[in-house]
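Given next are the chains, with one letter for each unit.
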Protein chains: 2
Amino acid sequence: MVFKNEDIYSAALVIIGNEILAGRTHDTNTPWIAERLTDYGIVLGEVRVISDVEEEIIFSVNELRKKFDYVFTTGGIGPTHDDITAESIAKAFGKELVRDERASQMLEEHYGIEELTPPRAKMSLIPMGAKLIPNPVTAAPGFIIENVYVMAGVPRIMQAMFDHLLGMIKAGKPILSNTVACNLSESTVATDLTVLQEQYPDVQLGSYPHYRGGVLGLSLVLRATNKKNLENATERLIEIIKEHGDEPRALSIRST
Amino acid sequence: MVFKNEDIYSAALVIIGNEILAGRTHDTNTPWIAERLTDYGIVLGEVRVISDVEEEIIFSVNELRKKFDYVFTTGGIGPTHDDITAESIAKAFGKELVRDERASQMLEEHYGIEELTPPRAKMSLIPMGAKLIPNPVTAAPGFIIENVYVMAGVPRIMQAMFDHLLGMIKAGKPILSNTVACNLSESTVATDLTVLQEQYPDVQLGSYPHYRGGVLGLSLVLRATNKKNLENATERLIEIIKEHGDEPRALSIRST
């Protein structure tokens, strides 16, 4: 379920490039962004990893920007042949891709005017009317066009851009979460969890079985913006686990 | 770019559930599946991580099954209130969700007839006409309907299901890859890479900057099904790096 909640905003993340699709790189941007958004009352509703193919970028960005309050993209804003994000996003919005004077200046300051080769100058091409996102690491900026936020894919650069953005976007109420782990099987607590979810419709209750050291365990995650409801639902969940003869094994309460 | 290649098949992966969207769990299924597919000549073209919301599952599965040769889904086939994948996929195909006799038997053998509680029995509900994917770990099966392969989300169970599947699906030519790393900046080699990509249109050439130990480096990844073309393109790439005064730092050649 998604939150039935008017205190929060929604976001989608589009990861552009073949690096993760080829299996050679583990995606660390999603958990990092998801966690930051949580603190700002923005729930990540969808992540797409797509190829650096123009039609794919246009299609996904246009589909998601209508559906979510915010769309963040990562990757494809560098100087090489496979960096086609700026051009594709310009087309998604029916805007021209133009040399941005402020971006040129940022790149010139970083590389020096003599070293501003054509591949580097390419990084100053931005959709007409977009706002820039500064890049304190390698100068080439990201940009904002309507509700779409275009960032670099390299985690260190993306993180610097993202932190800059968070001061600019409208935030909701922080999403609080509790995690309760136990050794019960999902099917043992399933009926009680259904009742608990019905009792607290504004608390998102997720049930995630996992293997640790060869043993099947269960993580139960509660998320809400209302602290009191979250605490009450968590208390009841702990009771349920005890009623089935187990002890909550780990308890991470982020709301207190 | 995607492969311009008729020797390979395409696949999408749909990860269903809030675990990864909430940022609490790192996705390990994508790299594992991507790597397996590579060996079987199937290129992963898109990954979507979506919420356990019926309309979201229906929408994504219907969109992707038209676009890709194979669609794999993970998650949401357990016994709890947030496990709605089977029901949603049945609706996506306009099929009825029915108790599957073979699935019931698998669950009965695992739990014993007395312990086949309603939440457990729920896991025998499968879209009409679907083929089962056995689950050697916790009995509850996945299923196949047309080109959609529905698996568990727990990595250990998913992996067992996936390996079972690979014997059943049509494979393409294995995708070979070489990785060459250097300390040059992307913009230094950008023009040469564009020429190289044009020379070898059936070799996918990706350029991925990264930070390791605070130093910006560059991984260049070549992928192809034609070994000779891959080797020639790799050789030329190594020359390019040397021409710019650097030595290839690491070289992982998977094709030889």
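To be clear, the structure that these remarks concern was listed above.
Rules of the game
- Residues numbered from 1 in each chain as written.
- Chains lettered and ligands numbered in written order.
- Predicted model: local features only at pLDDT ≥ 70, side-chain atom pairs only at ≥ 80, totals over all residues.
- Heavy atoms only, no water.
- Helix = DSSP H or I, 4+ residues; strand = E, 2+ residues; numbered from the N terminus.
- Buried < 20%, exposed > 50% of the residue type's maximum accessible area, 1.4 Å probe, protein only.
- Contact = heavy atoms within 4.5 Å.
- Least-squares fit on C-alpha atoms with pLDDT ≥ 70 in both.
- Buried area = accessible area lost by both parts, 1.4 Å probe.
- Salt bridge = Lys/Arg side-chain N within 4 Å of Asp/Glu carboxyl O.
- Polar contact = N/O pair within 3.5 Å; in protein donor to acceptor, adjacent residues only side chain to side chain.
- Pairing = 2+ DSSP bridges.
- Axes fitted to C-alpha atoms, helices over the stretch in contact; angles between N-to-C directions.
- Core = buried A, V, L, I, M, F, W, Y, C linked by side-chain atoms within 4.5 Å.
- Expected span 1.5 Å × (residues − 1).
- Arc of directions from axis to C-beta.

*Asks:* What is the right way to look at the overall build of chain A in this model?
*Replies:* Scanning chain A from terminus to terminus reveals 9 helices and 12 strands. By principal-axis analysis of the C-alpha atoms, chain A measures approximately 70 × 40 × 30 Å. Residues counted as buried form 58% of the 256 residues belonging to chain A. For chain A, restricting intrachain contacts to residue pairs at least 6 apart in sequence, the fraction spanning at least 24 positions comes to 71%.

*Asks:* Help me understand the relation of the copies chain B and chain A in this model?
*Replies:* Here the two chain copies are tied together by a rotation about an axis and a shift along that axis. Once chain B has been moved 0.0 Å along the axis and rotated by 180°, it coincides with chain A to within an RMSD of 0.0 Å. The superposition of one copy onto the other is thereby described by a two-fold rotation axis. Within chain B, R48 of chain B has its C-alpha nearest the rotation axis, a separation of 2.3 Å.

*Asks:* Explanation requested: the interface of chain B and chain A in the structure shown.
*Replies:* Buried accessible area, meaning the area lost when the parts come together, often serves as the stated size of an interface. Contact residues are listed per partner, giving 67 residues for chain B and 67 residues for chain A. Contact with chain A buries surface across chain B, with H81, Y208 and Y211 of chain B losing the most and accounting together for 12% of the total. The interface formed by chain B and chain A holds 2 salt bridges in total. Close ionic contact of E56 of chain A with K67 of chain B constitutes a salt bridge, the shortest N to O distance being 3.4 Å. Linking chain B with chain A are 15 residue pairs in polar contact (both at pLDDT 80 or more).

*Asks:* Looking at this structure, how should I read the sheet that holds strand β7 (residues 142–145) of chain B?
*Replies:* Read across the sheet, 12 strands follow the order β6(A)-β7(A)-β8(A)-β3(A)-β1(A)-β2(A)-β2(B)-β1(B)-β3(B)-β8(B)-β7(B)-β6(B) without closing on themselves; strand pairing throughout is mixed. The strands lining the two open edges of the sheet, one partner per strand, are β6 (131–133) of chain A together with β6 (131–133) of chain B. Along the sheet, successive strands turn relative to each other by an average axial angle of 20°, direction set aside. As defined by bridge partners, strand β1 (residues 9–16) of chain B adjoins strand β3 (residues 70–74) of chain B across 5 bridges and the pair is classed as parallel. Counterpart to I15 of chain B in the pairing with β3 of chain B is T74 of chain B.

*Asks:* Would you mind going over the side chain of S10 of chain A with me for this structure?
*Replies:* For S10 of chain A, the position within the fold is in strand β1 (residues 9–16). If sequence neighbours within four positions are ignored, S10 of chain A has contacts with I42, V43, K67, F68, D69 and Y70 of chain A.

*Asks:* Can you help me understand the pattern of salt bridges in this one?
*Replies:* Side chains bearing opposite charge may pair, as long as their charged atoms lie close to each other. Residues and elements named next belong to chain A. Enumeration over the complete set of coordinates arrives at 26 salt bridges over all chains. For the salt bridge of R24 with E19, the shortest nitrogen-to-oxygen distance reads 3.9 Å. Note on E19: relative accessible area 24%, which makes it partly exposed. Taken together, the shared-partner salt bridges connect E46, R48 and E63 into one network.

*Asks:* Please explain helix α4 (residues 85–92) of chain A as it appears in this structure.
*Replies:* Think of an α-helix as 3.6 residues a turn; residues three or four steps apart then line up on the same face. Residue and element names in this part refer to chain A. Of all 8 residues that make up α4, 6 are buried, and the element is covered over most of its length. Among the residues of α4, T85, A86, S88, I89, A90 and A92 are the ones counted as buried. Two residues or fewer past α4, G94 is found with a positive phi of approximately 65°.

*Asks:* Help me understand the nonpolar core, please; the structure alone is not making it clear to me.
*Replies:* Ranked by size, the top nonpolar core spans 102 residues in total, and within it F72 of chain A together with F72 of chain B carry the most contacts. Those residues in contact with F72 of chain A that sit more than four places away from it in its chain are A11, A12, L13, V14, L37, Y149, M151, F162, L165 and I169 of chain A.

*Asks:* Explanation requested: helix α9 (residues 227–243) of chain A in the structure shown.
*Replies:* Residue and element names in this part refer to chain A. Its 17 residues give α9 an end-to-end C-alpha distance of 24 Å, which sits within 8% of 24 Å, the value for a rise of 1.5 Å per residue. Among all positions of α9, only L230, A233, T234, L237, I238, I240 and I241 are buried. Down the axis of α9, the buried set is contained in an arc of 155°. They therefore lie on one face. Exposed positions of α9 whose direction lies more than 90 degrees from the buried face are K228, E235 and E243. Of the residues flanking the start of α9, the one acting as N-cap is N226, its side-chain oxygen 3.0 Å from the backbone nitrogen of K228.

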